[in-house]
Amino acid sequence: MKERESLREQALLLPGLPGIYIFVDSGENIIYVGKAKNLKKRVLSYFSNMVEGKTRVMVARINEIRHIVVGSESDALLLENNFIKEYQPRYNVLMKDDKSFPWICVKNENFPRVFITRNIVADGSRYYGPYTSAFMARTLLQLVRKLYKLRTCGYNLAPEKIRESKYRVCLEFHLGNCLAPCVGKQKEEEYNLAVAQVEEILKGNIHNVAHHLKGVMKSLADNLLFEAAQAVKEKIAVLENYQSKSAIVGPAVRDVDVLAYSEEDEKVFIHYMRVVRGAVVQAYSVEFRRRIEESLEDVIALAISVMRERYRSDAREIIVPLRPDIQDDRIKYTLPVRGDKLRLLELAERNAVHYRLSRQKQRLNRREEDRGVEILKKVQNDLRLPEIPVHIECFDNSNIQGDNPVAACVVFRNGKPSRGEYRHYKIKMVTGPDDYASMEEVVFRRYRRLLDEDEKLPQLVIVDGGKGQLSSALKSFDRLGIRGRVSLVGIAKRLEQIYFPDDPVPLYIDKNSVSLKIIQNARNEAHRFGISFHRNQRSLSMKRSMLDQIKGIGPVTREKLLKEFGSLEKIAAAPPEKIADLIGRSRSEKLLKQLRKFGGT
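As the structure is a prediction and not an experimental result, all values here were calculated from the model.

A.B. asks: Would you take a moment to explain the overall build of the protein for this structure?
C.D. replies: If you tally the helices and strands in the protein, you get 19 helices and 20 strands. Out of the 601 residues belonging to the protein, those deemed buried represent 46%. Across the protein, contacts joining residues at least 24 apart in sequence account for 61% of those joining residues at least 6 apart. Here the protein has roughly 32400 Å² of accessible surface; of this, 50% comes from carbon and sulfur atoms.

A.B. asks: Is there a simple way to think about the environment of Ser72 in this case?
C.D. replies: Assignment of secondary structure puts Ser72 in the loop between β3 (64-69) and α4 (73-87). With relative accessibility at 24%, the residue Ser72 sits in the partly exposed group. Note: C-alpha distance between Ser72 and Ala36 (36 residues apart in sequence) is 9.5 Å.

A.B. asks: In this structure, what is going on with the environment of His424? I would like to understand it.
C.D. replies: Looking at the element boundaries, His424 is found in strand β16 (residues 423-426). The class for His424 is partly exposed, based on a relative accessible area of 32%. As a C-alpha pair, His424 and Ala526 span 102 residues in sequence and 9.8 Å in three-dimensional space.

A.B. asks: Would you take a moment to explain the side chain of Asp298 for this structure?
C.D. replies: Looking at where Asp298 falls in the secondary structure, it is placed in helix α11 (residues 296-310). Given a relative accessible area of 17%, Asp298 falls into the buried group. In contact with Asp298, not counting residues within four places along its chain, are Lys35 and Asp325.

A.B. asks: Would you mind going over the packing of α4 against α11 with me for this structure?
C.D. replies: Pairs of packed helices are described in terms of their axes, by the angle between the two and the distance that separates them. In contact at an axis separation of 10 Å, α4 and α11 are set at 80° when each is read in the N-to-C sense. Judged by the inter-axis angle, α4 sits roughly perpendicular to α11. For the pair α4 and α11, the contacting residues are Leu77, Leu78, Glu80, Asn81, Asn82, Ile84 and Lys85 in the first and Ala301, Leu302, Ser305, Val306 and Glu309 in the second. Class assignment of the residues belonging to the contact of α4 with α11 gives a composition of 6 nonpolar, 3 polar and 3 charged.

A.B. asks: I tried to follow helix α12 (residues 339-383) on my own but got confused; where do I start?
C.D. replies: Residues three or four positions apart in an α-helix share a direction because the helix packs 3.6 residues into each turn. Over its 45 residues, α12 runs 66 Å from end to end, which matches the ideal 66 Å to within 8%, given 1.5 Å per residue. Phi turns positive one or two residues past the end of α12, at Arg384, with a value near 55°.

A.B. asks: Please clarify how the pairing of strand β17 (residues 460-464) should be interpreted in this entry.
C.D. replies: Side-chain direction in a regular strand flips from residue to residue, so the side chains alternate between the two faces of the sheet. Summarising burial for β17: 5 of the 5 residues are buried, a large majority. Of the two faces of β17, both are covered, the one formed by Leu460, Ile462 and Asp464 as well as the one formed by Val461 and Val463. Across 5 bridges, β17 lies against strand β18 (residues 487-492) in parallel orientation. In the sheet register, Leu460 faces β18, and the bridge partner there is Ser487. Running through helix α14 (residues 467-480), the crossover from β17 to the neighbouring parallel element β18 is right-handed.

A.B. asks: Please explain the pairing of strand β20 (residues 503-508) as it appears in this structure.
C.D. replies: One ladder, built from 3 bridges, connects strand β19 (residues 497-500) with β20; its direction is antiparallel. Across the sheet, residue Ile498 finds its bridge partner in β20, namely Leu507. Between β19 and the antiparallel strand that follows it, β20, lie 2 residues; Asp502 among them carries a positive phi value of about 60°.

Reading guide: rules and limits
Residues numbered from 1 in each chain as written. Predicted model: local features only at pLDDT ≥ 70, side-chain atom pairs only at ≥ 80, totals over all residues. Heavy atoms only, no water. Helix = DSSP H or I, 4+ residues; strand = E, 2+ residues; numbered from the N terminus. Buried < 20%, exposed > 50% of the residue type's maximum accessible area, 1.4 Å probe, protein only. Contact = heavy atoms within 4.5 Å. Areas by Shrake-Rupley, 256 points an atom, 1.4 Å probe, with all protein chains shown as cover. Axes fitted to C-alpha atoms, helices over the stretch in contact; angles between N-to-C directions. Parallel < 35°, antiparallel > 145°, perpendicular 65-115°, else oblique. Nonpolar A, V, L, I, M, F, W, Y, C, P; charged D, E, K, R; others polar. Expected span 1.5 Å × (residues − 1). Pairing = 2+ DSSP bridges. Right-handed = clockwise from strand over helix to strand, strands pointing away.

Note that every value here comes from positions in space, so none of it alone points to a role or purpose.
Encoded structure:
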């Protein structure tokens, strides 16, 4: 209580002026930074009996109050934003930002390059963005390169390097994509003028660039340089086409910022749009997380400061759904009720809602992934595996009395089937119904190929069967030298026993265990996949056998028919002329006559 009174006395000594206040704990750590139009009133409010929840916890940790006086509320907001970014205080609103969004960089160098990057380097280069998708950034960069022939090489084009003829023209020059400043074919003043226009486009000032180019076009036409004027005219058309595709409202809405929000518990999802002449030229969504009971107005004010600084916006009007907790004579806050400005606000609100829903889905997916990892850790513990079995493969053989022997390999990743990686195998080296030899062959072929192609091996291999199938698979592991690198188990159907190499005693897992369910799912999926392939092979074999019984239909003719029609039913239903064209009239008549005897099958 004594400490609380001491802090209250500190607050009473604060000036009644705009500024920021800084709460520091006993370890000299900044735990909260806030802004105020009246420092004394704002800080004193923390020591009233009305404070509760997380704010009360924070106040209990305050050891010292510091402050900085500034000239206006807007200056206080900017300073607060800077301090939050610098110190990331524990109790301030947390901005959940994706630092991997792409930016377009205008490099700080002679003859600046313009390119997309995800890394911001403090070397004096200028960055525009961030863009919410790489596609949007690439589209804008394609527009720039269509209009201006800028270099893409990484050469150091210092004047002395060019004078010393250090470089030669490259393919880009011969393709007409670059004017070869590296060999002095383009002056730096001309190049820098193009870069300046590119930066205007990146800022969203397409109208200014188009207006400038129209003046250039008129000047060229007046001097009878019609080909050059036509080239400039085409640039103007490209710009105007791009601008028309970006238009949301009419040009009556000039330079404005738009900011809307959607709430979920302590989270506030903000969508910001920058509008120039009725076109949305930049847009960005971000999540803020309240750590104490900050008002929505406080969060909106912070978001405005962050977004305007990031996009270097100097718009004098901001369209918002509610008036933020900041006053600035240079900015007009508009809460629209009708017209184009309301349409813009509704668009921003829809985007804020979509962003909130997408973040919810991301969190749910992460929870599912976390649950999947927990399940795989359980499999690792139950089977005593050296690592988590993120990649599991399972084998099953299928044949009836040795006819059409086939095998199946199914792949599970993160506990879920990866059907695009399933593989069928026809048994080639085994004669008759030999399940053990078939298992040895297919396991060898599978991992011989993965090793040859330098592919990653699974962490766990399951074979459908008991000791015999497991021993056969182990022979292939030994031949390939992968025993010990890949864990191997067998699952016997009757009692669902799990067998391990060189261990005669099987493992019995609880019937309700998730580990057993993962193994059973893999085994059942391999069985289903193998059976379906075996049925197809047997059906095809039967069709071939029936065709072989027809006099005059040899192996070559049989394959022709099956390749063209696919099945006996389709052959029987095909026009006789089409069959005759394929195999000749005489054989066609014999074939159709015999098929009618078979009953059209």
